[in-house]
Amino acid sequence: MSTTAPEYDAVIRGGLVVDGTGLDPYRADVGIVGDRIAAVGRVTGRGRVEVDAEGHVVTPGFIDGHTHFDAQVFWDRLGTNSCWHGVTTAVMGHCGFTLAPATADGRALVVRNLERAEDIAGAALAAGIDWQWETFDQYLDAVDAQPKGINYAANLGHSALRTYVMGERAFEEEAADVDLTAMEAELRRALQAGAWGFTTSRTMHHETSDDRPVASRLASWEEVRRLVGVLGELGTGVFQFVEDLPDPDERAARDARLIDLAVSTGVPVGIPASGVAERPLQLIEQAAAAGGRIFGLTHCRGIGNLSSFRTRLPFDGLPEWQAVRSRPLDAQRAALADPDVAARLVSAAHEGPYGRAIGAEARRPDFELMQVLERPVGPNPTVAEAARARGLDPVALIIRLGVESDLHQFFFQTFSPFDHQAVKRAMSHPRTVMTFSDAGAHVSQMSDASIQTHLLAHWVRDRGDFSLEEAVRMLTLTPARAWGFHDRGLVREGLVADLNVFDPATVGPAMPTVVHDLPAGERRIEQKAVGFRATFVAGRLTLRDGEPTGELPGRLLRGPLAAGPAPTRLAAAALG
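Residues numbered from 1 in each chain as written. Predicted model: local features only at pLDDT ≥ 70, side-chain atom pairs only at ≥ 80, totals over all residues. Heavy atoms only, no water.

Asks: It is not clear to me how the packing of helix α11 (residues 339–351) against helix α13 (residues 394–404) should be interpreted in this structure. Could you clarify?
Replies: For any two helices packed against each other, one specifies the crossing angle of their axes together with the interaxial distance. Packing of α11 against α13 leaves a shortest axis separation of 9 Å and a crossing angle of 130°. The angle between α11 and α13 places the two elements in the oblique class. Here α11 and α13 pass one another in a crossing that is right-handed. Counted together, Ala342, Leu345, Val346, Ala349 and His350 of α11 and Val395, Ala396 and Ile399 of α13 form the full contact between these two elements. Residues belonging to the contact of α11 with α13 are distributed by class as follows: 7 nonpolar, 1 polar and no charged. (Axes fitted to C-alpha atoms, helices over the stretch in contact; angles between N-to-C directions. Helix = DSSP H or I, 4+ residues; strand = E, 2+ residues; numbered from the N terminus. Parallel < 35°, antiparallel > 145°, perpendicular 65-115°, else oblique. Left-handed = near helix turned anticlockwise from the far one by under 90°. Contact = heavy atoms within 4.5 Å. Nonpolar A, V, L, I, M, F, W, Y, C, P; charged D, E, K, R; others polar.)

Asks: Any chance you could explain the pattern of salt bridges here in plain terms?
Replies: Scanning the entire structure with this criterion turns up 38 salt bridges. Linking Asp141 and Arg558 is a salt bridge whose minimum nitrogen-to-oxygen distance equals 2.8 Å. Of this pair, Asp141 sits in helix α3 (residues 136–145) while Arg558 sits in the loop between β25 (547–548) and α18 (569–574), and the two are 417 residues apart along the sequence. Of the charged contacts, one joins Glu168 and Arg212 as a salt bridge, the two residues approaching to 2.8 Å between their closest N and O atoms. Here Arg212 lies in the loop between β10 (197–201) and α6 (221–234) and Glu168 lies in the loop between α4 (158–166) and α5 (177–193), a separation of 44 residues in the sequence. One network of salt bridges, in which partners are shared, links Arg202, Glu243, Arg254, Asp255 and Arg279. (Salt bridge = Lys/Arg side-chain N within 4 Å of Asp/Glu carboxyl O.)

Asks: Mind showing me how you'd approach the environment of Gly106 here?
Replies: Within the secondary structure, Gly106 sits in the loop between β7 (87–92) and α1 (107–115). On the basis of relative accessible area, Gly106 is assigned to the buried category, the value being 10%. Remark: the alpha-carbon pair of Gly106 and Pro381, spanning 275 residues in sequence, is separated by 47 Å. (Buried < 20%, exposed > 50% of the residue type's maximum accessible area, 1.4 Å probe, protein only.)

Asks: Sorry, what's going on with the packing of aromatic side chains here?
Replies: Given two aromatic rings, one states the distance between the centres and the angle between the planes to describe the pair. This model, assessed by the stated rule, comprises 16 aromatic pairs. Between Phe198 and Phe239 the ring centres are 5.9 Å apart and the planes differ by 15°, which places this aromatic pair in the stacked class. Taken as a pair, Phe198 in strand β10 and Phe239 in strand β11 (residues 238–242) lie far apart in primary sequence, 41 residues in all. Here Phe198 and Phe239 have matching classes, each one buried. Centre to centre, the rings of Phe502 and Phe532 are 5.6 Å apart; their planes meet at 55°, and the pair counts as tilted. Taken as a pair, Phe502 in strand β18 (residues 499–502) and Phe532 in strand β23 (residues 532–537) lie far apart in primary sequence, 30 residues in all. (Phe/Tyr/Trp six-rings, centres within 6.5 Å; stacked < 30°, edge-to-face > 60°.)

Asks: Even after reading the chapter, I still don't get the sheet that holds strand β6 (residues 62–67), so can you show me in this structure?
Replies: Sheet strands line up and pair through hydrogen bonds in the backbone, either parallel or antiparallel. An order of β6-β7-β8 is seen for the 3 strands of this open sheet, with the pairing classed as parallel. Only two strands of the sheet have a single neighbouring strand rather than two, namely β6 and β8 (151–154). Recorded for the sheet is a direction-independent mean angle of 20° between the axes of neighbouring strands. Here 4 bridges tie β7 to β8, and the two strands are oriented parallel to one another. Counterpart to Thr89 in the pairing with β8 is Asn151. (Pairing = 2+ DSSP bridges.)

Asks: Quick question: what am I supposed to make of α13 here?
Replies: Along an α-helix, a turn takes 3.6 residues, which lines up residues three or four apart on a common side. Of the residues making up α13, those classed as buried are Pro394, Val395, Leu397, Ile398, Ile399, Leu401 and Gly402. Contacts from the buried residues of α13 go to α9 (319–325), α10 (329–336), α11, β15 (371–372), α12 (383–390) and β16 (410–414). Taking the backbone nitrogen of Val395 as reference, a side-chain oxygen 2.8 Å away marks Asp393 as the first, capping residue of α13. After α13 finishes, the residue Asp406 shows a positive phi value of roughly 55°. (Polar contact = N/O pair within 3.5 Å; in protein donor to acceptor, adjacent residues only side chain to side chain.)

Structure follows, in structure tokens:
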């Protein structure tokens, strides 16, 4: 046995390196020293940790640019579900929803913004967070101090900023000039402390638990313009924006304002481009032609609701169903097995009435769209198809499958018909990023933290729409460039050693399950992955064969204005 000290902290041996550029892969070892990639090629020295990557690919860690981990980071050290799916860096604080800034007597206003629009239970927030901050820079310090399995970058949210300055008025009126001045000052301090950007929502799908628009929806366009102007003045940050306007004339006027904002401030703007509509892609091109930068956030599976008897169903608001669904699960199971009860539930489900669904809430089902989730990556039959095959009414089938599965069966329905070609066109656009997971939010309504592995399993392996090299670039270098992470996103010497090792023949999402592991015992959907040999964060092995190692090397990545070492020339050059 050699007594020579290891030359590397870790060595990944014999893998096929898919380096994030989109170029051809090559066989190489990867040596790690500290938190950096020290060698890519033939590594003869030993590592304190050795990973055999034979038959696997080695890639940069995946970067998820649209998450809501702002609260979860305080009770979930690993960063689940994202960590299971190769994500090593998550950008949080989107759609205007953050936990800071917040005065001691204004925390309830922050919770009001979050709990319905993002399905983050108020009980979990109360039990899981020790509020030690008021300002956003204090919040960043609190996140920085938390043990973390993955890296986080934090945006400041508009709704929190409004309630911090305006209190209850944030839900009732536009800001006065004195309010705007105070908001600008807090946003400026946040960016200087390391906030990565500023986010807002003007969508009708974001409402409070008491049926009012979230605070950011009350803002005038002048308020938005002035706040984004702070990013432009400081020369930093990304602005994330979401708004739905059904009227074509209003939409055209909004788009013109957004292009003018991007051009006049020089601030990159991220918008949803995940549906089948062509308008977001046209807006992106028009902005580029005018000299502004707008990029789209796409989604590879189709945004939708994941429902079950152990979480929520579309029928839960109906009185006949409420009488059953309010009982313990054992009593529900017994009632559902009663033919008379089942018949009444079927009738009630068809008759309604259904309320208006907000965000990812379950809505009136379309049984030709709703799928029976038999496998995590389809094809899966629709409820209508499965019902016809068994000679049952669609609602009766849902009840039958619930009973047969001990209430575990999941059903998945996208909010609009899924068009593969349109979605592929959006994901293929050179100015989009496949990153719209919403991980950390909608925790009992969906599980889109798995979109990274869905891309690899469905779009690469099953359909062949993208090469593995293209897909890895979509998950690594592309989001790194969009958010300005100059020291990660590639397998290159000198860059941070955030790395994945996985089997491209088997990688994919596992079946979702329901767990009650949130603070106060609140429930969420958990979805792990298959096919991963190892994940490294900052040079340390955090997951081996899907199991945590106990290492928690994740960091808060502060924005470029915060004090700290600037990106190396090597890193900046590597990212172009």
